[in-house]
Amino acid sequence: MATQFSSEQLDRLKLAMAKLKETAEPEISAPQSVAVEEEESSDLAKGTYLKVDEDEMAAWLYLAPPEADMEYTKQALINYLASKGVIEGLHQSNLSAIIKKQVYEREILVARGREVQDGADGYFEYLFKPEEYGAPKIREDGSVDYTNINALPNVKAGQKVAVYHQAVQSVDGCTVLGNVLPGKLYRDLPPMRGKGICREDEFYYAQMDGKIEVKDGKIDIQNVHEITGDVDMIIGKVEFFGDIIIHGNVEEGVVIRAGRNIEIHGSTSLANLYAGGDIILSRGIQGGNRSKITARGNIYAEFIEHTTVEAGGTVQANVFMNSNIYSKDKVIATGKKGSIIGGYIDAVRGVEAVCAGNAAEIKTIIHCGYEAQTHEKMLEIRKKETEIKAKIADLVDTMTESLREKRMRGTQTPQSTEKKLLDWDKLKDQYFMELDKIEGERTQLEDMVETSKGAEIKIDGNIYRGVVICVNAEQLMIERNTCYMRYNVEKGVIEGSVIIHN
């Protein structure tokens, strides 16, 4: 049973605790780097001195024993410190203990500076976790599970999606000598902009049901078109500007177009898919050499068989079989199998797999980097670019001369000259349009060459005889079964090196 105290007993207890704190043993330490001052004082005995750390954040008093007829007081110590410039952060309990316990001939901490208290810039806290989405989960056996992957999390209208935390300003510090240590200035962020959200005070809410993501620090909510059953030829075509989620199977002959992402949680066969974002096929696709899937973003699938695939990002699956895969990023055969069997794989930044080819020596071509004809294309484009620039220069010279003659003739300029000038101006515009198009093509090729630097093919398992390895414009036929190899180009030659595991 808890003891009950009266208010009078509590007051006496508090007073006793305060006295106990004042008589506590003072902090004693030997500072590493200090500035030493030593001087006699009329109130303190000879030999007394004060040390102040070089950073002025601590002061240490060495008090000599009092001389005859001399009595120390706490105020005398405070006056002594003040005479030395120590006016901030006085350690009151240590000063009291020095007097009461008569602590002499030891350096005692008598003042401690105040450190700067850091603040923080304002920031947005998202009340959802987009980082948990968009990547398949690896199972314990090493295979990759695509069945539970979602492109983006869902939100409901009125749901709180973010909160803004205002900037917290730092608190200035101070040295024992009274010098101010200014803190850093922290800034607030402007209100968040985005689609499908509204703001109330520091909170942001969804205005509609849909998929939510963060783009360049802005929240974007888009409507989602969901189909709970199968999609077959009766439905035929599904088109939507946002996300499309199909919880059933997609059967032969279906065409699906999405302005953003496509998720299919059932099986997919003989369908054509087009997405402005990512495509996720939880149970893979069997294309029968008639399916094509295209995405500006990434493509994830359990497996891809007999299908043509084009992606602006990464293409990732457990198995690629007899398919033509084109990626502007990487092609990755993941999981325990991680196989590329048959077909043509082309990835600008590289290819990763566990197994390439099979014992039947099915034709398998794996390419990374830029295409073999890229340099020829660049030479041809640069030649056209030079020719058009020459035509523009000649045309501008001709027009300049005609304009000079027109100014000299004034109103007597023939109508034929006026018509020629108009025709030349139109031709000049056509030349510039053609030049812009060619320069765009050249830039794309140059970007591809730059992106492909360092591209390699990494097979972390078996590589069967007959597999063709291509890096940039070079190619290498695998003459015998091998394993654990990495291939890249050095000085125009494909070099293979063994992958060593720690």
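Cut-offs used in this document
Residues numbered from 1 in each chain as written. Predicted model: local features only at pLDDT ≥ 70, side-chain atom pairs only at ≥ 80, totals over all residues. Heavy atoms only, no water. Helix = DSSP H or I, 4+ residues; strand = E, 2+ residues; numbered from the N terminus. Buried < 20%, exposed > 50% of the residue type's maximum accessible area, 1.4 Å probe, protein only. Contact = heavy atoms within 4.5 Å. Axes fitted to C-alpha atoms, helices over the stretch in contact; angles between N-to-C directions. Parallel < 35°, antiparallel > 145°, perpendicular 65-115°, else oblique. Left-handed = near helix turned anticlockwise from the far one by under 90°. Nonpolar A, V, L, I, M, F, W, Y, C, P; charged D, E, K, R; others polar. Phe/Tyr/Trp six-rings, centres within 6.5 Å; stacked < 30°, edge-to-face > 60°. Polar contact = N/O pair within 3.5 Å; in protein donor to acceptor, adjacent residues only side chain to side chain. Pairing = 2+ DSSP bridges.

### Brief notes about unusual backbone geometry
Step number 1: Phi is positive for asparagine 289, which is not a glycine, with a value near 60°.
Step number 2: Along the polypeptide, asparagine 289 turns up in strand E25 (residues 285-295).
Step number 3: For glutamate 361, which is not glycine, the phi dihedral falls at a positive 60°.
Step number 4: Topologically, glutamate 361 is positioned in the loop between strand E31 (355-356) and strand E32 (364-368).
Step number 5: The partly exposed category is assigned to glutamate 361, whose relative accessible area is 40%.

### Describing the side chain of threonine 314
Step number 1: Looking at the element boundaries, threonine 314 is found in the loop between strand E26 (299-311) and strand E27 (315-327).
Step number 2: Exposure remark for threonine 314: the relative accessible area of 14% places this residue in the buried category.
Step number 3: Excluding residues within four positions of it along the chain, threonine 314 makes contact with Gly297, Asn298, Ile299, Ser327, Asp329, Lys330 and Ile332.

### Quick look at the packing of helix H2 (residues 74-83) against helix H3 (residues 92-101)
Step number 1: Put simply, H2 and H3 touch, their axes get as near as 9 Å, and they point 125° apart. Classified by the interaxial angle, the pair formed by H2 and H3 is oblique. For the pair H2 and H3, the sense of crossing is right-handed. Of the residues in H3, those touching H2 at Lys74, Leu77, Ile78 and Leu81 are Gln92, Leu95, Ser96, Ile98 and Ile99.
Step number 2: Of the residues contributing to the contact of H2 with H3, the split by class is six nonpolar, two polar and one charged.

### Quick look at the packing of aromatic side chains
Step number 1: Evaluated as defined, the whole model comprises six aromatic pairs.
Step number 2: Between phenylalanine 124 and tyrosine 164 the ring centres are 4.9 Å apart and the planes differ by 50°, which places this aromatic pair in the tilted class. Of this pair, phenylalanine 124 sits in strand E5 (residues 123-126) while tyrosine 164 sits in strand E9 (residues 160-165), placing them 40 residues apart in sequence. One exposure class covers both phenylalanine 124 and tyrosine 164, and it is buried.

### Points about the environment of aspartate 141
Step number 1: Mapping aspartate 141 onto the fold places it in the loop between strand E6 (137-138) and strand E7 (144-145).
Step number 2: As a C-alpha pair, aspartate 141 and glycine 335 span 194 residues in sequence and 8.5 Å in three-dimensional space.

### Focus on the side chain of arginine 442
Step number 1: Relative to the elements of secondary structure, arginine 442 occurs in helix H5 (residues 415-451).
Step number 2: Residue classification places arginine 442 among the buried residues on the basis of a relative accessible area of 18%.
Step number 3: Of the polar contacts made by the side chain of arginine 442, one reaches the side chain of glutamate 385; its length is 2.9 Å.
Step number 4: The residues touching arginine 442, leaving out its near neighbours within four places in the chain, are Ile381, Arg382 and Glu385.

### Examining the sheet that holds strand E15 (residues 210-215)
Step number 1: The four strands are arranged E8-E15-E16-E12 in an open sheet whose pairing can be described as mixed. The sheet is open, and its two borders are formed by strand E8 (154-155) and strand E12 (194-195), each paired with just one other strand.

### Thoughts on the pairing of E26
Step number 1: Looking at chain direction, strand E24 (residues 279-281) and E26 are connected through three bridges and run parallel. Looking at the pairing, isoleucine 279 lines up with isoleucine 299 of E26.
Step number 2: Across seven bridges, the pairing between E25 and E26 is parallel. Each residue of the ladder has a partner; that of alanine 295, found in E26, is alanine 311.
Step number 3: In the sheet, E26 pairs with E27 via ten bridges, with the strands oriented parallel. Its bridge partner being in E27, threonine 308 is matched across the sheet by asparagine 324.

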